[in-house]
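The chain contents come next:
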Amino acid sequence: MLRIYLKFKAQYLKTEMEYTLNFWMMAVAGVLMRAGMLAVAFVLFRNVPDIAGWNEAEVYFILSLIFLSEGVCNLLFDGVWSLPALVFRGEFDVMLSRPISPLYQLLAYGVGLQGAGLLPVGLISYFLSLHTLGRLNPFSILLMVPFVLCGAAIRVAAILIAASNVFWMRADGLSLTYLAHTVGEYAKYPVSIYPGWMQFILLAVIPYGFIGFVPALILRGERAVLLSLALLGFTALYCLLARAVFYRGIQKYESMGM
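Counting restarts for each chain, with residues numbered from 1 along the sequence as it is written. This being a predicted model, a pLDDT of at least 70 is required before a residue's local features are given, and a value of 80 or more before pairs of side-chain atoms are given or counted; all residues contribute to the totals for chains, interfaces and linings. Only hydrogens and water are set aside when side-chain values are computed; all heavy atoms of the structure are taken into account.

A. Quick look at the overall build of the chain. Within the chain one finds 13 helices and 0 strands. Counting from the N terminus, the helices are DSSP H or I runs at least four residues long and the strands are E runs at least two residues long. When the helices and strands of the chain are listed from N to C terminus, the series reads α-α-α-α-α-α-α-α-α-α-α-α-α. Looking at the 258 residues of the chain, the share that counts as buried comes to 47%. Only heavy atoms matter for contacts: two residues are in contact if any of them lie within 4.5 Å across the pair. In the chain, the proportion of contacts linking residues at least 24 apart, taken out of those at least 6 apart, comes to 75%. Within the structure as shown, the chain displays about 12600 Å² of accessible surface, and the carbon and sulfur contribution to it stands at 71%. Relative accessible area decides the class of each residue, using a 1.4 Å probe on protein chains only: under 20% of the type maximum gives buried, over 50% gives exposed, and in between gives partly exposed. In this description, accessible areas are obtained by the Shrake-Rupley approach with a 1.4 Å probe, and a residue is regarded as covered only by the protein chains that are shown.

In structure tokens:
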């Protein structure tokens, strides 16, 4: 199955790389957009010492995981964003006709070139934040792997759940998908600064708080073991929920022209 996935990605990458300038434009756009976020945090902390007990380096750590998880999703799983368009163009029928899981095909569909710019920005921010916090050691560096993998999985699951509404609403599913993404952007700052109802949304409904905020708590040593288990367990459950919603939606699918 991995070989098939890589073949899919290789073909989509060839298509995207047909125009080299487009690749560099998307990569640079990814760098500039996320560098802007870092600049906002930089200016903010020039005027305040901390945000509800969170210092500048800790916010950069949260942002780094936001960038890294988004970069991984863009490069490897950007296809989930295309689900509404595939349904309304009738191309989803082709996925259903192949002897391969439609979810697997959807995850392998397309390549988001902005990820090529997001990853280096995220890596630089991650290492600089660890250095500033005095935690630049092999263990903290290795933690990046499970943190980013869990963050990417949660991000993909959230987008998949939102995009799957196209099977029920019979309308452009991108609106709800972008809404979920936009709400999730609030998790680029510590979730604890928001009121209770917003914390609930960012930790349970659109759980982007598990991408950066919860790993930051783990790095702080606040109930590290319990939160690590919660991160792994919640990621697995949320991915299973997304899968269930997707396949439940397929049962409602009425083919092209619906």
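Structure shown, so let's carry the discussion forward.
B. Seen up close, the nonpolar core. Nonpolar cores are built from buried Ala, Val, Leu, Ile, Met, Phe, Trp, Tyr and Cys residues. Side-chain atoms within 4.5 Å join them into one set. Counting residues in hydrophobic clusters, the biggest one holds 70 residues, and the most contacted among them are Phe61, Leu83, Phe92, Tyr126, Phe147, Phe167 and Phe246. Element by element, the count of residues in this core is highest for helix H8 (residues 138-163), at 14 residues. With residues near it in sequence (within four places) discarded, Leu83 still touches Phe92, Leu106, Ala163, Ser164, Val166, Phe167 and Phe246.

C. Local environment of helix H12 (residues 213-220). Most of H12 sits inside the fold, with 7 of its 8 residues counted as buried. Those residues of H12 not exposed but buried are Phe213, Val214, Pro215, Ala216, Leu217, Ile218 and Leu219. Summarising the contacts, the buried residues of H12 are in contact with helix H3 (56-76), helix H7 (115-133), H8, helix H11 (196-205) and helix H13 (224-252).

D. Structural context of the environment of Ala242. For Ala242, the position within the fold is in helix H13. Exposure remark for Ala242: the relative accessible area of 1% places this residue in the buried category. Separated by 86 residues in the primary sequence, Ala242 and Val156 place their C-alpha atoms 8.7 Å from one another. Residue contacts for Ala242: discarding those within four places in its chain leaves Ala157, Leu160 and Ile161.

E. Structural context of the pattern of salt bridges. One side-chain nitrogen of Lys or Arg within 4 Å of one carboxyl oxygen of Asp or Glu is enough to make a salt bridge. This model, assessed by the stated rule, comprises 3 salt bridges. Two residues, Arg89 and Glu91, come together in a salt bridge whose shortest N-O distance is 2.6 Å. The class of Arg89 is partly exposed, set by a relative accessible area of 45%. Judged by its relative accessible area of 32%, Glu91 falls in the partly exposed class. Residue Arg220 is joined to Glu222 by a salt bridge in which the shortest nitrogen-to-oxygen separation is 3.1 Å.

F. Looking closely at the layout of surface pockets. Of the two site types, the cavity is a set of points on a 1 Å grid over the protein atoms alone where a 1.4 Å probe fits but cannot get out, and the pocket is an open set with protein on both sides within 12 Å along at least five of seven lines, each lined by residues with an atom within 4 Å of a point. Grid points are joined across faces, edges and corners, and a volume is the space filled by probe spheres set on the points. Estimated volume of the second largest pocket: approximately 240 Å³. For the second largest pocket, the lining is made up of 13 residues, of which Phe77, Leu107, Ala153, Val156 and Cys239 are closest to its centre. Only helix H6 (102-108), H8 and H13 provide two or more residues apiece to the lining of the second largest pocket. When residues in the lining of the second largest pocket are grouped by element, the largest group, 6 residues, is from H8.

G. The packing of aromatic side chains, seen in detail. The criterion for an aromatic pair is that two Phe, Tyr or Trp rings (for Trp, the six-membered ring) have centres within 6.5 Å, with stacked assigned to planes under 30 degrees apart, edge-to-face to planes over 60 apart and tilted to the rest. With the rule as written, the count across this model stands at 14 aromatic pairs. Aromatic pair Trp54 and Phe213: ring centres 5.5 Å apart, planes at 50°, arrangement tilted. On the criterion of sequence distance, the pair formed by Trp54 in the loop between helix H2 (20-45) and H3 and Phe213 in helix H12 is long-range, its members being 159 residues apart. With respect to class, Trp54 is no different from Phe213; both count as buried. A centroid spacing of 5.6 Å and a plane angle of 15° characterise the contact between Phe234 and Tyr238, whose relative ring orientation is stacked. One end of the pair, Phe234, and the other, Tyr238, are both in helix H13, 4 residues apart, so they sit about a helical turn from each other. Residue Tyr238 is classed as buried on the basis of its relative accessible area, which comes to 6%. Directly above the ring of Trp54 sits Arg220, whose terminal nitrogen or CZ lies 3.7 Å from the centroid. For a lysine, the NZ atom is tested; for an arginine, the CZ atom; a charge sits over a ring if that atom is within 6 Å of the ring centre and within 35 degrees of the ring normal.

Purely spatial values, then, with no claim about function.
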